[in-house]
Amino acid sequence: MDKPSSRNEYRSKDFYVERFKSYRTKSLRDLGTALVDEATSSVAGQVKVRIDRSKFFISALGLVGGVNTASVKFFQGQYVQFSLNEHSEVITTQCHLEDKLGADLAPVFSSHRMRNGVKRSFSGAYFFSEHNLYLIASPSDAVELRMSIFNAVETEPQLIRCGMILGVTNSRSIIGSRCVLIPLDGINANALRELYPNPVPENVLESIMPRPPHELGKVKPFLYGEVAFDFIKPVKLAVPKE
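Before going into details, it helps to say that this report is about the structure given with it. Please read all numbers here as calculations on a predicted model, not as lab measurements.

Cut-offs and rules
- Residues numbered from 1 in each chain as written.
- Predicted model: local features only at pLDDT ≥ 70, side-chain atom pairs only at ≥ 80, totals over all residues.
- Heavy atoms only, no water.
- Helix = DSSP H or I, 4+ residues; strand = E, 2+ residues; numbered from the N terminus.
- Contact = heavy atoms within 4.5 Å.
- Areas by Shrake-Rupley, 256 points an atom, 1.4 Å probe, with all protein chains shown as cover.
- Phe/Tyr/Trp six-rings, centres within 6.5 Å; stacked < 30°, edge-to-face > 60°.
- Buried < 20%, exposed > 50% of the residue type's maximum accessible area, 1.4 Å probe, protein only.
- Lys NZ or Arg CZ within 6 Å of the ring centre and 35° of its normal.
- Pairing = 2+ DSSP bridges.
- 1 Å grid on protein atoms, 1.4 Å probe; cavity = no way out; pocket = protein on both sides within 12 Å on 5 of 7 lines; lining within 4 Å.
- Points joined across faces, edges and corners; volume = space filled by probe spheres on them.
- Nonpolar A, V, L, I, M, F, W, Y, C, P; charged D, E, K, R; others polar.
- Core = buried A, V, L, I, M, F, W, Y, C linked by side-chain atoms within 4.5 Å.

Re the overall build of the protein
Phase 1: Along the backbone of the protein there are seven helices and eleven strands.
Phase 2: In the protein, once contacts between residues fewer than 6 apart in sequence are set aside, the share between residues at least 24 apart is 46%.
Phase 3: Total accessible area computed for the protein in this model is approximately 14,700 Å², and 55% of it derives from carbon and sulfur atoms.

Digging into unusual backbone geometry
If a residue is not glycine, its phi is most likely negative; likewise, a peptide bond is most likely trans.
Phase 1: Residues Pro212 and Pro213 are joined by a peptide bond in cis, for which omega reads 10°.
Phase 2: Its location among the elements puts Pro213 in the loop between α6 (202–208) and α7 (219–223).
Phase 3: Phi angles above zero are rare outside glycine, and Leu105 is one such case at about 75°.
Phase 4: Position of Leu105 relative to the elements: it lies in the loop between β4 (90–101) and β5 (107–115).

With respect to the packing of aromatic side chains
Phase 1: Using the criterion set out here, one finds two aromatic pairs in the structure.
Phase 2: Both rings, one in Phe75 and one in Phe128, keep their centres 5.0 Å apart while their planes meet at 35°; by these two values the pair is tilted. Remark: Phe128 occurs in strand β6 (residues 118–129) and Phe75 occurs in helix α4 (residues 67–75); sequence separation between them is 53 residues. A single burial state applies to Phe75 and to Phe128, both of which are buried.
Phase 3: Here Phe127 and Tyr134 contribute two aromatic rings whose centre-to-centre distance is 4.8 Å and whose plane-to-plane angle is 10°, an arrangement assigned as stacked.
Phase 4: A relative accessible area of 5% means that Phe127 is categorised as buried.
Phase 5: Above the face of the Phe222 ring, Arg178 is positioned so that its terminal group lies 5.2 Å from the ring centre.

Observations concerning the pairing of strand β8 (residues 146–151)
Along any regular strand the residues' side chains alternate between the sheet's two faces.
Phase 1: Burial of the side chains of β8 is restricted to one face: Arg146, Ser148 and Phe150 are buried, whereas none of Met147, Ile149 and Asn151 on the reverse face is.
Phase 2: Here strand β7 (residues 132–139) runs beside β8; their pairing, made up of six bridges, is antiparallel. Paired with Leu133 across the bridge in β8 is Phe150.
Phase 3: Where β7 folds back on β8, the antiparallel hairpin that results is connected by six residues.

What about the layout of surface pockets?
Phase 1: Quantified by volume, the second largest pocket comes out at close to 520 Å³.
Phase 2: Forming the walls of the second largest pocket are 32 residues, and the residues nearest its centre are Asn85, Ile91, Arg113, Arg146 and Val168.
Phase 3: Contributing elements (two or more residues each) for the lining of the second largest pocket: β3 (77–84), β4, β5, β7, β8, β9 (161–168) and β10 (174–183).
Phase 4: Top contributing element to the lining of the second largest pocket by residue count: β5, with five residues.
Phase 5: Residues that form the lining of the second largest pocket fall into these classes: 14 nonpolar, 13 polar and five charged.

What about the pairing of β4?
Phase 1: The pairing of β3 with β4 spans eight bridges and is classified as antiparallel. Bridged to Tyr79 within β4 is Cys95.
Phase 2: In textbook terms, the turn of a hairpin is the stretch between consecutive antiparallel strands, and for β3 and β4 this stretch comprises five residues, one of which, Ser88, has a positive phi near 60°.
Phase 3: For β4 and β5, the ladder comprises five bridges, and the chain directions are antiparallel. Opposite His96, over in β5, you have Ser110 as the bridge partner.
Phase 4: Between β4 and the antiparallel strand that follows it, β5, lie five residues; Leu105 among them carries a positive phi value of about 75°.

Here's the deal with the side chain of Ser83
Phase 1: Along the chain, the position of Ser83 falls in strand β3.
Phase 2: Apart from residues no more than four positions distant in its own chain, Ser83 is found in contact with Glu89, Val90, Ile91, Ile165, Ser177, Arg178, Cys179 and Leu223.

With respect to the nonpolar core
Phase 1: By size, the foremost hydrophobic cluster in this structure holds 21 residues, and its most contacted members are Phe82, Val180, Val219 and Leu223.
Phase 2: Not counting residues up to four positions away in its chain, the partners in contact with Phe82 are Val90, Ile91, Thr92, Arg178, Cys179, Val180, Ile182, Ile187, Leu195, Met209, Val219 and Leu223.
Phase 3: Grouped together as the second largest cluster of nonpolar side chains are 17 residues, Val72, Cys95, Ala152 and Ile165 included.

By themselves these figures say nothing about function.
What follows is the structure, encoded as C-alpha coordinates:
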(Lines give C-alpha, C1' and ligand atoms only; values in the text may rest on other atoms or scores of the structure.)
Protein backbone atom coordinates (compact mmCIF):
# COMPACT_ATOMS: atom_id res chain seq x y z
CA MET A 1 0.00 0.00 0.00
CA ASP A 2 1.39 3.41 -0.98
CA LYS A 3 2.42 5.68 1.85
CA PRO A 4 2.88 9.45 1.94
CA SER A 5 6.54 10.32 1.38
CA SER A 6 6.58 12.86 4.20
CA ARG A 7 4.49 13.99 7.14
CA ASN A 8 3.28 16.99 5.11
CA GLU A 9 1.77 14.88 2.34
CA TYR A 10 -1.70 13.35 2.51
CA ARG A 11 -3.37 10.67 0.49
CA SER A 12 -6.11 11.79 -1.88
CA LYS A 13 -9.82 11.19 -1.25
CA ASP A 14 -9.85 8.71 -4.16
CA PHE A 15 -7.23 6.62 -2.37
CA TYR A 16 -9.48 6.16 0.66
CA VAL A 17 -12.59 5.51 -1.45
CA GLU A 18 -10.81 2.73 -3.38
CA ARG A 19 -9.44 1.24 -0.16
CA PHE A 20 -12.93 1.29 1.38
CA LYS A 21 -14.35 -0.53 -1.65
CA SER A 22 -11.64 -3.19 -1.35
CA TYR A 23 -12.58 -3.72 2.31
CA ARG A 24 -16.18 -4.39 1.29
CA THR A 25 -15.06 -7.48 -0.64
CA LYS A 26 -13.17 -9.05 2.27
CA SER A 27 -14.57 -11.55 4.74
CA LEU A 28 -15.05 -10.25 8.28
CA ARG A 29 -12.03 -12.22 9.47
CA ASP A 30 -9.78 -10.94 6.65
CA LEU A 31 -11.12 -7.41 7.08
CA GLY A 32 -10.35 -7.41 10.80
CA THR A 33 -6.81 -8.63 10.14
CA ALA A 34 -6.28 -6.01 7.42
CA LEU A 35 -7.48 -3.16 9.62
CA VAL A 36 -5.31 -4.21 12.56
CA ASP A 37 -2.25 -4.63 10.33
CA GLU A 38 -2.75 -1.21 8.79
CA ALA A 39 -3.39 0.52 12.12
CA THR A 40 -0.30 -0.90 13.77
CA SER A 41 1.99 -0.27 10.80
CA SER A 42 0.79 3.18 9.76
CA VAL A 43 2.39 6.42 10.81
CA ALA A 44 0.39 9.56 11.52
CA GLY A 45 2.58 12.61 11.94
CA GLN A 46 5.52 10.31 12.79
CA VAL A 47 3.61 8.95 15.80
CA LYS A 48 3.03 5.19 15.88
CA VAL A 49 -0.64 4.24 16.19
CA ARG A 50 -1.42 1.85 19.04
CA ILE A 51 -4.43 -0.39 19.58
CA ASP A 52 -6.13 -0.36 22.98
CA ARG A 53 -7.97 -3.68 23.14
CA SER A 54 -9.78 -2.60 26.32
CA LYS A 55 -11.86 -0.09 24.35
CA PHE A 56 -14.83 -1.22 22.28
CA PHE A 57 -17.19 0.94 20.24
CA ILE A 58 -20.10 -1.46 20.71
CA SER A 59 -19.82 -1.49 24.51
CA ALA A 60 -19.47 2.30 24.47
CA LEU A 61 -22.84 2.42 22.71
CA GLY A 62 -24.32 0.39 25.53
CA LEU A 63 -24.90 -2.78 23.51
CA VAL A 64 -24.19 -4.99 26.48
CA GLY A 65 -26.29 -6.78 29.08
CA GLY A 66 -28.90 -7.98 26.62
CA VAL A 67 -29.57 -4.63 24.92
CA ASN A 68 -28.67 -6.08 21.53
CA THR A 69 -30.88 -9.16 21.81
CA ALA A 70 -33.76 -7.11 23.27
CA SER A 71 -33.46 -4.72 20.32
CA VAL A 72 -33.89 -7.64 17.93
CA LYS A 73 -36.77 -9.09 19.94
CA PHE A 74 -38.85 -5.90 19.93
CA PHE A 75 -37.92 -4.18 16.66
CA GLN A 76 -36.91 -6.73 14.01
CA GLY A 77 -38.90 -6.43 10.81
CA GLN A 78 -39.43 -4.56 7.55
CA TYR A 79 -40.08 -0.81 7.67
CA VAL A 80 -40.47 2.26 5.47
CA GLN A 81 -38.71 5.49 6.41
CA PHE A 82 -39.76 8.92 5.14
CA SER A 83 -37.39 11.88 5.40
CA LEU A 84 -36.71 15.14 3.56
CA ASN A 85 -33.85 16.05 1.25
CA GLU A 86 -32.23 19.48 0.82
CA HIS A 87 -35.06 20.45 -1.56
CA SER A 88 -37.74 19.57 1.03
CA GLU A 89 -38.82 16.58 -1.05
CA VAL A 90 -39.83 13.33 0.60
CA ILE A 91 -37.34 10.46 0.29
CA THR A 92 -38.72 6.94 0.74
CA THR A 93 -36.32 4.33 2.11
CA GLN A 94 -37.10 0.65 2.68
CA CYS A 95 -35.46 -0.63 5.87
CA HIS A 96 -34.78 -4.09 7.24
CA LEU A 97 -34.06 -4.47 10.94
CA GLU A 98 -32.79 -8.03 10.80
CA ASP A 99 -33.32 -10.82 13.32
CA LYS A 100 -29.60 -11.47 13.76
CA LEU A 101 -26.45 -9.99 15.25
CA GLY A 102 -23.31 -9.20 13.28
CA ALA A 103 -19.77 -10.30 14.09
CA ASP A 104 -19.47 -7.32 16.44
CA LEU A 105 -22.70 -8.47 18.19
CA ALA A 106 -24.66 -5.43 17.01
CA PRO A 107 -28.13 -6.03 15.48
CA VAL A 108 -27.85 -5.91 11.68
CA PHE A 109 -29.57 -3.08 9.81
CA SER A 110 -29.84 -2.64 6.04
CA SER A 111 -31.81 -0.28 3.81
CA HIS A 112 -32.17 0.86 0.23
CA ARG A 113 -33.65 3.72 -1.75
CA MET A 114 -33.60 4.99 -5.31
CA ARG A 115 -31.44 7.88 -6.52
CA ASN A 116 -31.52 9.01 -10.15
CA GLY A 117 -33.01 5.67 -11.17
CA VAL A 118 -30.30 3.68 -9.39
CA LYS A 119 -30.86 1.62 -6.26
CA ARG A 120 -28.60 2.75 -3.41
CA SER A 121 -27.99 0.30 -0.56
CA PHE A 122 -26.89 0.95 3.03
CA SER A 123 -25.73 -1.37 5.80
CA GLY A 124 -25.05 -0.92 9.48
CA ALA A 125 -26.55 -1.59 12.90
CA TYR A 126 -29.58 -0.74 15.02
CA PHE A 127 -30.29 -0.75 18.73
CA PHE A 128 -32.81 0.46 21.28
CA SER A 129 -31.92 2.35 24.44
CA GLU A 130 -33.64 4.83 26.76
CA HIS A 131 -36.87 5.15 24.73
CA ASN A 132 -34.96 5.75 21.48
CA LEU A 133 -34.42 3.49 18.48
CA TYR A 134 -31.13 4.15 16.66
CA LEU A 135 -30.40 3.22 13.02
CA ILE A 136 -26.78 3.73 11.93
CA ALA A 137 -25.61 2.89 8.42
CA SER A 138 -23.20 3.71 5.63
CA PRO A 139 -23.87 3.52 1.86
CA SER A 140 -22.13 0.74 -0.02
CA ASP A 141 -20.58 3.15 -2.52
CA ALA A 142 -19.13 5.83 -0.24
CA VAL A 143 -17.50 6.49 3.12
CA GLU A 144 -20.43 8.30 4.72
CA LEU A 145 -22.73 7.92 7.68
CA ARG A 146 -26.48 8.06 8.18
CA MET A 147 -27.96 8.11 11.67
CA SER A 148 -31.68 8.10 12.45
CA ILE A 149 -33.07 8.38 15.99
CA PHE A 150 -36.71 7.59 16.68
CA ASN A 151 -38.82 7.92 19.78
CA ALA A 152 -39.94 4.36 20.50
CA VAL A 153 -41.63 2.27 23.16
CA GLU A 154 -40.61 -1.37 23.11
CA THR A 155 -43.71 -2.65 24.90
CA GLU A 156 -46.33 -0.84 22.82
CA PRO A 157 -47.20 -1.24 19.12
CA GLN A 158 -46.58 1.98 17.17
CA LEU A 159 -47.67 2.59 13.60
CA ILE A 160 -45.60 5.77 13.37
CA ARG A 161 -42.27 6.41 15.09
CA CYS A 162 -41.14 10.03 14.81
CA GLY A 163 -37.52 11.09 14.79
CA MET A 164 -34.57 12.86 13.20
CA ILE A 165 -32.01 11.82 10.60
CA LEU A 166 -28.55 13.26 10.08
CA GLY A 167 -26.77 12.57 6.83
CA VAL A 168 -24.76 13.83 3.88
CA THR A 169 -26.28 15.10 0.64
CA ASN A 170 -25.06 14.45 -2.90
CA SER A 171 -23.29 17.83 -2.75
CA ARG A 172 -21.43 16.68 0.38
CA SER A 173 -23.33 19.02 2.67
CA ILE A 174 -24.62 17.83 6.03
CA ILE A 175 -28.39 17.90 6.37
CA GLY A 176 -30.71 17.23 9.27
CA SER A 177 -34.35 16.33 8.74
CA ARG A 178 -37.37 15.07 10.57
CA CYS A 179 -38.21 11.49 9.63
CA VAL A 180 -40.78 8.83 10.38
CA LEU A 181 -40.52 5.05 10.53
CA ILE A 182 -43.55 2.92 9.66
CA PRO A 183 -43.90 -0.89 9.48
CA LEU A 184 -43.90 -2.01 5.85
CA ASP A 185 -47.29 -3.71 6.22
CA GLY A 186 -48.72 -0.38 7.45
CA ILE A 187 -48.19 1.22 4.03
CA ASN A 188 -50.51 0.63 1.10
CA ALA A 189 -48.59 -1.21 -1.65
CA ASN A 190 -49.85 1.13 -4.36
CA ALA A 191 -48.77 4.18 -2.36
CA LEU A 192 -45.31 2.69 -1.86
CA ARG A 193 -44.94 2.09 -5.60
CA GLU A 194 -45.63 5.78 -6.21
CA LEU A 195 -43.36 7.08 -3.45
CA TYR A 196 -40.32 4.80 -3.67
CA PRO A 197 -38.84 5.43 -7.15
CA ASN A 198 -38.11 9.17 -6.74
CA PRO A 199 -38.26 11.96 -4.15
CA VAL A 200 -41.66 13.66 -4.23
CA PRO A 201 -42.77 17.18 -3.27
CA GLU A 202 -45.10 17.91 -0.38
CA ASN A 203 -48.27 18.11 -2.48
CA VAL A 204 -47.66 14.67 -4.02
CA LEU A 205 -47.17 13.09 -0.59
CA GLU A 206 -50.38 14.73 0.59
CA SER A 207 -52.31 13.36 -2.39
CA ILE A 208 -51.07 9.80 -1.80
CA MET A 209 -51.17 9.40 1.98
CA PRO A 210 -54.43 9.05 3.94
CA ARG A 211 -55.77 12.14 5.66
CA PRO A 212 -56.57 12.54 9.37
CA PRO A 213 -58.08 11.05 11.42
CA HIS A 214 -56.20 8.10 9.89
CA GLU A 215 -52.94 7.59 11.78
CA LEU A 216 -50.88 7.98 8.59
CA GLY A 217 -52.40 11.42 8.18
CA LYS A 218 -49.85 12.56 10.78
CA VAL A 219 -46.88 11.87 8.49
CA LYS A 220 -46.94 15.04 6.38
CA PRO A 221 -47.69 17.45 9.24
CA PHE A 222 -44.79 16.00 11.22
CA LEU A 223 -42.27 15.99 8.35
CA TYR A 224 -43.04 19.58 7.41
CA GLY A 225 -43.27 20.95 10.91
CA GLU A 226 -46.97 21.73 11.10
CA VAL A 227 -47.40 20.03 14.46
CA ALA A 228 -45.94 20.93 17.85
CA PHE A 229 -43.03 18.51 18.17
CA ASP A 230 -39.67 19.55 19.53
CA PHE A 231 -37.74 18.87 16.34
CA ILE A 232 -36.16 21.09 13.72
CA LYS A 233 -36.91 21.50 10.04
CA PRO A 234 -34.27 20.44 7.50
CA VAL A 235 -31.11 22.42 8.12
CA LYS A 236 -28.30 22.45 5.58
CA LEU A 237 -24.94 22.85 7.29
CA ALA A 238 -22.22 24.05 4.95
CA VAL A 239 -19.50 26.69 4.86
CA PRO A 240 -20.96 29.89 3.33
CA LYS A 241 -19.67 30.67 -0.15
CA GLU A 242 -17.69 33.87 -0.47
